[in-house]
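Listed below, chain by chain, are the residues.
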Amino acid sequence: MMAHRTRIVLTLVLSLAVSATVVAQQPRMKVVLDTDIGTDIDDAWALGYALKSPVFELLGVTVTDADTPGRARLACKLLARLGRTDVPVAVGRKTAAVPPERVDYQFTWAEDFQTYKPVDTPAVEFLADIIHRNPGEVTLIAVGPLQNIGDLVRQHPDVIPLVKRVVLMSGSIGPNAWSSAPLPEWNVRLAIPEAQAVYSAGWPVTTVPLDSTTYVRLEDQERETLRKAGTPLVVALEALLRLWTNDPGSRMTLHDQMALAEAQHPGRFFAHCDALPIRVDDEGFTRVDKNAGRPVHVCLEPKRDDFMAHYLAQLSAK
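Residues numbered from 1 in each chain as written. Predicted model: local features only at pLDDT ≥ 70, side-chain atom pairs only at ≥ 80, totals over all residues. Heavy atoms only, no water.

Asker: Hey, could you run me through the overall build of the chain in this one?
Answerer: Regarding its fold elements, the chain presents 12 helices and nine strands. A compact globule built from 318 residues should have a C-alpha radius of gyration of about 20 Å, and the chain, at 19 Å, falls within 12% of that. Based on the C-alpha atoms only, the size of the chain along its principal axes is roughly 65 × 50 × 45 Å. For the chain, with 318 residues in total, the buried portion stands at 53%. (Helix = DSSP H or I, 4+ residues; strand = E, 2+ residues; numbered from the N terminus. Rg over C-alpha atoms; globule rule 2.2 N^0.38 Å. Buried < 20%, exposed > 50% of the residue type's maximum accessible area, 1.4 Å probe, protein only.)

Here's what the structure looks like:
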């Protein structure tokens, strides 16, 4: 029996070693993350996932929505904490906060941080330049309101056919854990004209909607297991989570992380990703419209436990 168990362990170790070698030999996926880091907590934890990815070559981070300079400082500090000042951060245009009296407590973590600063190039110009320099290779992952990506479509339509893939955390197609009917999802309703431009552009779009993400929360034991890893990334993310938590019952929903996981491993963490004709209406609904919609791959029925095991392992890696 002991010899049999030893063979199983050796087989698993060999399999992991071979998998690591295969990943190392494959060209890395060139990605840019567009984020509204600093309001909900999942954005920071998504950036951490991207930085730990053995698959991604993170070409940059662009920051969108409301106080974009404040958000950029937060992203810059997290990058600096991990020694990743090779990743540029570009600031998008400022917009009005919704609601106007909103306070984003995560900003205090980086309010005086000046060690690493964003680039001077505005986010839209940064995106256009990256895409032009890497035609057919860049995956845009957008997990916030779509001001930057919408502006890119309108100001630089020539880049649309040069983008490899667009992956969004966006939309609400059918029922979800919060509602029995579709909702105008936050990232859409805060920038409706821009979302309309992004969804209707002629590039390959995949979205991970509320239909999937609302079923994936970080449970206490999972949080504690991750906290015990004690890496600089985990310590920083735990600090930000504590700033975000507003009551003992608060739990992070892993909206944005699921979009990044879909970009890294297409289709792996969903039962199906169907091509549906999607149209964004003037109220911010993402409607299935056979006549006016454009094909969008919609990732549904998340494999919650498989995803969480993968996510926690990648985030806690030394």
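Asker: What am I meant to see in unusual backbone geometry here?
Answerer: Among all residues except glycine, the phi angle is most often negative; among peptide bonds, the trans geometry is most common. Between Val98 and the following residue, Pro99, the backbone shows a cis peptide bond with an omega angle of -10°. Tracing the sequence through the fold places Pro99 in the loop between β3 (89-91) and α4 (123-133). Even without being glycine, Asp65 reaches a positive phi, approximately 80°. Residue placement: Asp65 occurs in the loop between β2 (56-63) and α3 (68-81).

Asker: Help me out: how do you make sense of the packing of helix α5 (residues 147-155) against helix α7 (residues 192-200) in this one?
Answerer: Helix packing for two helices is described by the angle between their axes and how far apart those axes are. With their axes 8 Å apart at the nearest point, α5 and α7 run at an angle of 60° to one another. For the element pair α5 / α7, the angle class is oblique. Where α5 crosses over α7, the handedness of that crossing is left-handed. In this structure, α5 contributes Gln147, Ile149, Gly150, Asp151, Val153 and Arg154 to the contact, and α7 contributes Pro193, Glu194, Ala197 and Val198. (Axes fitted to C-alpha atoms, helices over the stretch in contact; angles between N-to-C directions. Parallel < 35°, antiparallel > 145°, perpendicular 65-115°, else oblique. Left-handed = near helix turned anticlockwise from the far one by under 90°. Contact = heavy atoms within 4.5 Å.)

Asker: For this particular structure, what's the right way to read the confidence of the model for the chain?
Answerer: If pLDDT is low for a region, its predicted coordinates should not be looked at in detail. Mean pLDDT over the chain: 93, with 92% of residues reaching 70 or higher. Per-residue pLDDT stays below 50 along residues 1-23; that stretch engages in one contact with residues further than four places along the chain or on separate chains. (pLDDT = per-residue confidence, 0-100.)

Asker: Looking at this structure, how should I read the pairing of strand β4 (residues 138-142)?
Answerer: Each regular strand shows side chains that alternate between the opposite faces of the sheet. Burial analysis of β4 places five of its five residues in the buried class, the great majority of the element. Two strands pair when backbone bridges link them, and strand β1 (residues 29-35) and β4 are joined in this way by five bridges, in the parallel orientation. Across the sheet, Val31 pairs through a bridge with Thr139, a residue of β4. Pairing of β4 with strand β5 (residues 165-169), which is carried by four bridges, proceeds in the parallel orientation. Residue pairing for β5: Leu140 is matched across the bridge by Val166. (Pairing = 2+ DSSP bridges.)

Asker: Please clarify how the pattern of salt bridges should be interpreted in this entry.
Answerer: Note that side chains of opposite charge can pair when their charged atoms are close. With the rule as written, the count across this model stands at 19 salt bridges. Arg251 is the salt-bridge partner of Asp220, the closest N and O atoms lying 3.0 Å from each other. Linking Asp220 in helix α9 (residues 220-227) with Arg251 in the loop between α10 (232-244) and α11 (255-264), this pair joins segments that are 31 residues apart in sequence. The salt bridge partner of Glu238 is Arg242, with a shortest N-O separation of 2.9 Å. Remark: Arg242 and Glu238 occur in helix α10; sequence separation between them is four residues, near one turn of the helix. Among the charged side chains, a network of salt bridges with common partners joins Arg93, Asp151, Arg154 and Glu194. (Salt bridge = Lys/Arg side-chain N within 4 Å of Asp/Glu carboxyl O.)

Asker: In this structure, what is going on with the pairing of strand β7 (residues 270-280)? I would like to understand it.
Answerer: Judged from the eight bridges that link them, β7 and strand β9 (residues 294-302) form a sheet pairing that is antiparallel. Paired with Asp274 across the strands is Val298, a residue of β9. For β7 and strand β8 (residues 286-288), the ladder comprises three bridges, and the chain directions are antiparallel. Paired with Arg279 across the strands is Arg287, a residue of β8. The antiparallel hairpin formed by β7 and β8 contains five residues in its connecting segment, where Gly284 sits at a positive phi of about 95°.

Asker: Would you mind going over the packing of aromatic side chains with me for this structure?
Answerer: Summed over the entire model, instances satisfying the criterion amount to three aromatic pairs. Ring centres of Phe269 and Phe307 lie 5.7 Å apart, and the angle between their planes is 75°; on these two criteria the pair is classed as edge-to-face. Placement of the pair is Phe269 in the loop between α11 and β7 and Phe307 in helix α12 (residues 304-316), with a sequence separation of 38 residues. The exposure class assigned to Phe269 is buried, which follows from its relative accessible area of 2%. Judged by centre distance (5.7 Å) and plane angle (20°), the ring pair of Phe307 and Tyr311 falls under stacked. (Phe/Tyr/Trp six-rings, centres within 6.5 Å; stacked < 30°, edge-to-face > 60°.)

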